[in-house]
Amino acid sequence: DAKTTQPNSMESNEEEPVHLPCNHSTISGTDYIHWYRQLPSQGPEYVIHGLTSNVNNRMASLAIAEDRKSSTLILHRATLRDAAVYYCILRDRGGSQGNLIFGKGTKLSVKP
Amino acid sequence: GAVVSQHPSRVICKSGTSVKIECRSLDFQATTMFWYRQFPKQSLMLMATSNEGSKATYEQGVEKDKFLINHASLTLSTLTVTSAHPEDSSFYICSARGPLAGGHHEQFFGPGTRLTVL
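Residues numbered from 1 in each chain as written. Chains lettered and ligands numbered in written order. Predicted model: local features only at pLDDT ≥ 70, side-chain atom pairs only at ≥ 80, totals over all residues. Heavy atoms only, no water.

Asks: Could you give an account of the overall build of chain B, with specific residues and numbers?
Replies: Assigned secondary structure in chain B consists of zero helices and 11 strands. Traced from its N-terminal end to its C-terminal end, chain B shows the element sequence β-β-β-β-β-β-β-β-β-β-β. The C-alpha radius of gyration computed for chain B amounts to 14 Å, which stays within 12% of the reference 13 Å derived for 118 residues, consistent with globular compactness. A principal-axis box enclosing the C-alpha atoms of chain B has dimensions of 45 × 25 × 20 Å. Of all 118 residues assigned to chain B, the portion counted as buried reaches 49%. (Helix = DSSP H or I, 4+ residues; strand = E, 2+ residues; numbered from the N terminus. Rg over C-alpha atoms; globule rule 2.2 N^0.38 Å. Buried < 20%, exposed > 50% of the residue type's maximum accessible area, 1.4 Å probe, protein only.)

Here it is, written out as structure tokens:
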């Protein structure tokens, strides 16, 4: 699986949007971009995934660069409960094959 | 999303004893289950992958005789830490993947089991 690069940490204010970047310059054509987050002392939680087009769900939006070498997870209004480590992971063939290999992720802090 | 449960949520044991952790997929059939380990302030490390009815595939550096994995049914996998030692103290997380509605495969994680070996 191709490697991703994320900032170690980011800070946000409550109720403001948060943009979490991820670089994946070696992404292959069949790699899906997955985002998971992990709250303290819990298992990871699925956030969103996409291939080429931008994606929206109730939790977040995923903006994928046209060359697919980077993506951004967007939390539209951060809450204190969004404080977590966010992992950007590439996986081949949409999840039916391959394992999720976690990097260090971005630790998001949300200030009231 | 689908639900994956783990039991127990935390366990404390004496050095040299064995500990079994259960992982269940509650509302879907998990054709593949994964076991991860996470040390404090570190990321998740994949230990092994198991397909229902088959032997687990272990990642490099993970001792298969120490970490016994059984995936006997489509909803249950167990991890047994044999002859546990203090260095085995960690947060163990299972994950399950299987076909959901529409044939889509997604991977869901359990809440984790905190193992402390005294």
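Next comes the rest of the description.
Asks: Give me the lowdown on the sheet that holds strand β9 (residues 106–111) of chain A, citing residues and values where you can.
Replies: All names here are of chain A. One open sheet accounts for five strands, arranged β1-β9-β8-β3-β4; its pairing is mixed. Each edge of the open sheet is held by one strand with a lone partner, namely β1 (9–13) and β4 (45–50). The mean inter-strand angle of the sheet, taken between neighbouring strand axes irrespective of direction, is 25 degrees. Strand direction decides the pairing type here: β1 and β9, joined by five bridges, are parallel. From the neighbouring strand, Asn 13 faces β9, where its bridge partner is Lys 111. (Pairing = 2+ DSSP bridges. Axes fitted to C-alpha atoms, helices over the stretch in contact; angles between N-to-C directions.)

Asks: Just give me the short version of the sheet that holds strand β6 (residues 61–64) of chain A, but keep the residues and values in it.
Replies: Strands sit in the order β2-β7-β6-β5 (chain A) across an open sheet of four strands; the sheet is antiparallel. Each having just a single partner strand, β2 (18–23) and β5 (55–56) of chain A make up the two edges of the open sheet.

Asks: Outline the pattern of salt bridges, supporting the account with residue identities and numerical values.
Replies: Applying the stated rule across the entire model yields six salt bridges over all chains. A salt bridge links A:Glu11 to A:Lys111; the shortest N-O distance between them is 3.4 Å. With A:Glu11 in strand β1 and A:Lys111 in strand β9, this pair connects stretches of sequence that are 100 residues apart. Since its relative accessible area comes to 38%, A:Lys111 is described here as partly exposed. Residue B:Asp88 is joined to B:Lys66 by a salt bridge in which the shortest nitrogen-to-oxygen separation is 2.9 Å. You can see B:Asp88 sitting in the loop between β8 (76–81) and β9 (90–99) and its partner B:Lys66 sitting in the loop between β6 (57–58) and β7 (67–73), a full 22 residues away along the chain. (Salt bridge = Lys/Arg side-chain N within 4 Å of Asp/Glu carboxyl O.)

Asks: Quick one: what's the story with the interface of chain A and chain B, residue by residue and with numbers?
Replies: In this assembly, 22 residues from chain A lie in contact with 19 residues from chain B. Interface of chain A and chain B: buried area, both sides summed, is about 1,400 Å²; carbon and sulfur atoms make up 49% of it. In terms of surface lost to chain B, no three residues of chain A exceed A:Pro44, A:Asn99 and A:Phe102, which account for 28% of the buried area on that side. At the boundary of chain A and chain B, one finds six residue pairs in polar contact (both at pLDDT 80 or more). If you list the elements that add at least two residues to the side of chain A that touches chain B, you get β3 (31–38), β4 and β8 (84–92) of chain A. Ranked by residues supplied to the side of chain A that touches chain B, first place goes to β3(A) with three residues. Each residue belonging to the side of chain A that touches chain B can be placed in one class, and the counts come to seven nonpolar, 13 polar and two charged. (Contact = heavy atoms within 4.5 Å. Buried area = accessible area lost by both parts, 1.4 Å probe. Polar contact = N/O pair within 3.5 Å; in protein donor to acceptor, adjacent residues only side chain to side chain. Nonpolar A, V, L, I, M, F, W, Y, C, P; charged D, E, K, R; others polar.)

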